[in-house]
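Next come the chains, spelled out residue by residue.
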Amino acid sequence: MRKPFIGGNWKMNTDSASAAELACGLSRNLDDVCNEKVDVTVCPPFVYLSAVKKALGPCQIGLGAQDVYFEPKGAFTGEISCSMLKDVGCSHVIIGHSERRHIIKESDELINRKLSAAISSGLLAIFCVGELLEQRNAGKTNSVVAEQIKKGMAGIGLEKACAVTIAYEPVWAIGTGINATAQQAQEVHVMIRELIAKLYDKSFAQQIRIQYGGSATAANAAELMSQPDIDGLLVGGASLKLEDFTKIVMAAAERKII
Ligand code: 13P
């Protein structure tokens, strides 16, 4: 069975004091369940990665960045390389988040280069995909998500694909308080798993973890994760609240599939 995986995407939030405080609280609350029953990774802004790493201490909570650049070093003002992320203790990196796709205008091609570079460097990737509301309303959810996966994972062989967690995050559910229903999310997760079976093989499709993201909260976490193909959550707003994120991780640790 796939171990549940909860990610906290702090986005452009916190400051040095609140980031460290949140990380301390998480390490206190979650050390017992982390790793054994559930994998947990928090993704603070770049500038607080080191402080959060220090505050997490020896606990098993992973550290992730919210983005990375594909070049190893050089004249790329403002960008951050994979080796820099590893240097400050990152195990994970989020790639292709919808806010980067739609606000920063990242292309599938750029996302593919980032994903490939991240995995080659030894980082674990949380690769985000998801449709806009108008695409869902036009019945295009499956084709949009499938295209993002095919283009994003192009040229990434099975060995490297093992370092990928896919996060299905419908854009209309992000930050809106309107989560996809467990059924809606499950349907897309099944489609993604079938696509992975075609692109790679059936056994890998059963191994790869697929998170859901978009207005996941302490109140809906258990229901979302009761679906057999929802292997965890990528949490935005609720990951900034110690109590809420703790409850979400606990719900994952006690996950009951229906
Ligand atoms: P919210 O949980 O705030 O909707 O954000 C989800 C998300 O974008 C996580 O990456």
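Quick summary incoming for the structure in this document.

About the thresholds
- Residues numbered from 1 in each chain as written.
- Predicted model: local features only at pLDDT ≥ 70, side-chain atom pairs only at ≥ 80, totals over all residues.
- Heavy atoms only, no water.
- Pairing = 2+ DSSP bridges.
- Helix = DSSP H or I, 4+ residues; strand = E, 2+ residues; numbered from the N terminus.
- Axes fitted to C-alpha atoms, helices over the stretch in contact; angles between N-to-C directions.
- Phe/Tyr/Trp six-rings, centres within 6.5 Å; stacked < 30°, edge-to-face > 60°.
- Buried < 20%, exposed > 50% of the residue type's maximum accessible area, 1.4 Å probe, protein only.
- Right-handed = clockwise from strand over helix to strand, strands pointing away.
- Near = heavy atom within 4 Å.
- Polar contact = N/O pair within 3.5 Å; in protein donor to acceptor, adjacent residues only side chain to side chain.
- Areas by Shrake-Rupley, 256 points an atom, 1.4 Å probe, with all protein chains shown as cover.
- Nonpolar A, V, L, I, M, F, W, Y, C, P; charged D, E, K, R; others polar.

### Considerations on the sheet that holds strand β4 (residues 92-95)
Spatially, the eight strands close up into a barrel ordered β1-β2-β3-β4-β5-β6-β7-β8, and their pairing is parallel. Strand-to-strand twist in this sheet, taken as the mean axis angle between neighbours without regard to direction, amounts to 25°. Pairing geometry for strand β7 (residues 210-213) and strand β8 (residues 232-235), over three bridges, is parallel. Within β8, the position partnered with Gln 211 by the bridge is Gly 232.

### A short note on the packing of aromatic side chains
Overall, the coordinates contain four aromatic pairs when judged by the stated rule. Pairing Tyr 69 with Phe 76 gives two aromatic rings, centres 5.3 Å apart and planes at 45°, and the pair type is tilted. Through a chain of ring-to-ring contacts, the aromatic side chains of Tyr 69, Phe 70 and Phe 76 assemble into a single cluster.

### As for the pairing of β4
In β4, alternate side chains face the same way, and those of His 92 and Ile 94 on one face and Val 93 and Ile 95 on the other are all buried. When strand β3 (residues 62-65) meets β4, the two strands line up parallel, connected through two bridges. If you follow Ala 65 over to β4, its bridge partner there is Val 93. Assessed by its sense of winding, the connection that carries the chain from β3 through helix α3 (residues 82-87) to β4 is right-handed.

### Quick look at the site of the ligand
Taken together, 13 residues lie around the ligand, and Lys 11, His 97, Gly 175, Ser 215 and Gly 237 are the ones closest in. His 97 places a side-chain nitrogen or oxygen 2.8 Å from an oxygen atom of the ligand. Gly 237 places a main-chain nitrogen or oxygen 2.8 Å from an oxygen atom of the ligand. Contact with the protein chains removes 95% of the 310 Å² of surface that the ligand exposes when unbound. Among the residues forming the shell around the ligand, the class breakdown is four nonpolar, seven polar and two charged.

These figures come from the coordinates and say nothing about function on their own.
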